Amino acid sequence: MKTSYNGLWKILIDHGMQKKDLAEELGISSSTIAKMGKGENVSLDVLARICAHFNCDIGDLISFKMDN
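Residues numbered from 1 in each chain as written. Predicted model: local features only at pLDDT ≥ 70, side-chain atom pairs only at ≥ 80, totals over all residues. Heavy atoms only, no water.

Novice: I'd love a proper account of the overall build of the protein chain, names of residues and values included.
Specialist: Along the backbone of the protein chain there are five helices and two strands. Walking the protein chain from its N terminus toward its C terminus, one meets helices and strands in the order β-α-α-α-α-α-β. At 11 Å, the protein chain has a C-alpha radius of gyration in line with the 11 Å of a compact globule built from 68 residues. Across its three principal axes, the protein chain shows a C-alpha extent of roughly 35 × 20 × 20 Å. Here the protein chain holds 68 residues, and the buried ones make up 35% of them. Counting every atom, the protein chain has about 4,500 Å² of accessible surface; 50% of that belongs to carbon and sulfur. Positive and negative charge centroids in the protein chain, built from 8 and 9 side chains respectively, lie 8 Å apart. (Helix = DSSP H or I, 4+ residues; strand = E, 2+ residues; numbered from the N terminus. Rg over C-alpha atoms; globule rule 2.2 N^0.38 Å. Buried < 20%, exposed > 50% of the residue type's maximum accessible area, 1.4 Å probe, protein only. Areas by Shrake-Rupley, 256 points an atom, 1.4 Å probe, with all protein chains shown as cover. Lys, Arg positive; Asp, Glu negative; His and termini not counted. Charge placed at Lys NZ, Arg CZ, Asp CG, Glu CD.)

Have a look at this one:
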């Protein structure tokens, strides 16, 4: 199963933000941002902080795709 952060990237676009802006505003490391860019898993704490910042649900940020 692969993780997709396309929902988060769309939210950033809607808010006129870049990944580096998100990292700076929420204190997220560049390595964590890079992991999300590669579709890798990140901690639930990071996702919860992003949800709180954008007042959204975790399902708005990520989705899972089954490997075929």
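Novice: Talk me through the state of the cysteines; I want residue IDs and the actual numbers.
Specialist: What the rule picks out here adds up to zero disulfides. Residue Cys51 stays outside any disulfide, its sulfur separated by 4.2 Å from that of Cys56, the closest cysteine. Since its relative accessible area comes to 10%, Cys51 is described here as buried. (Disulfide = S-S within 2.5 Å.)

Novice: Could you give an account of the packing of aromatic side chains, naming the residues involved and the relevant values?
Specialist: Taken as a whole and assessed by the stated rule, the structure comprises one aromatic pair. On the numbers, 6.4 Å between centres and 50° between planes, the contact of Tyr5 with Trp9 is tilted. Tyr5 gets classed as buried once you look at its relative accessible area, which sits at 3%. Looking at Lys19, its charged tip hangs above the ring of Trp9, at a distance of 4.3 Å from the centre. (Phe/Tyr/Trp six-rings, centres within 6.5 Å; stacked < 30°, edge-to-face > 60°. Lys NZ or Arg CZ within 6 Å of the ring centre and 35° of its normal.)

Novice: Kindly report on the nonpolar core, identifying the contributing residues and their values.
Specialist: Within soluble globular proteins, side chains that are nonpolar generally end up buried alongside one another. Counting residues in each nonpolar core, the largest one holds 21 residues, and the members touching the most others are Tyr5, Leu8, Leu22, Met36, Ile50, Phe54 and Leu61. Taken together, the elements giving at least two residues each to this core come down to helix 1 (6-14), helix 2 (19-26), helix 3 (30-37) and helix 4 (44-54). Setting aside residues no more than four positions away along its own chain, Leu8 makes contact with Leu22, Met36, Ile50, Phe54, Asp60 and Leu61. (Core = buried A, V, L, I, M, F, W, Y, C linked by side-chain atoms within 4.5 Å. Contact = heavy atoms within 4.5 Å.)

Novice: Go over helix 2 with me, naming the residues and quoting the values.
Specialist: Those residues of helix 2 lying buried are Leu22, Ala23 and Leu26. Mapping the buried residues of helix 2 onto a view down its axis gives an arc of 100°, with all of them on the same face. Exposed and facing more than 90 degrees away from the buried side of helix 2 are Lys20 and Glu24. (Arc of directions from axis to C-beta.)

Keep in mind these numbers describe shape, not what the thing actually does.
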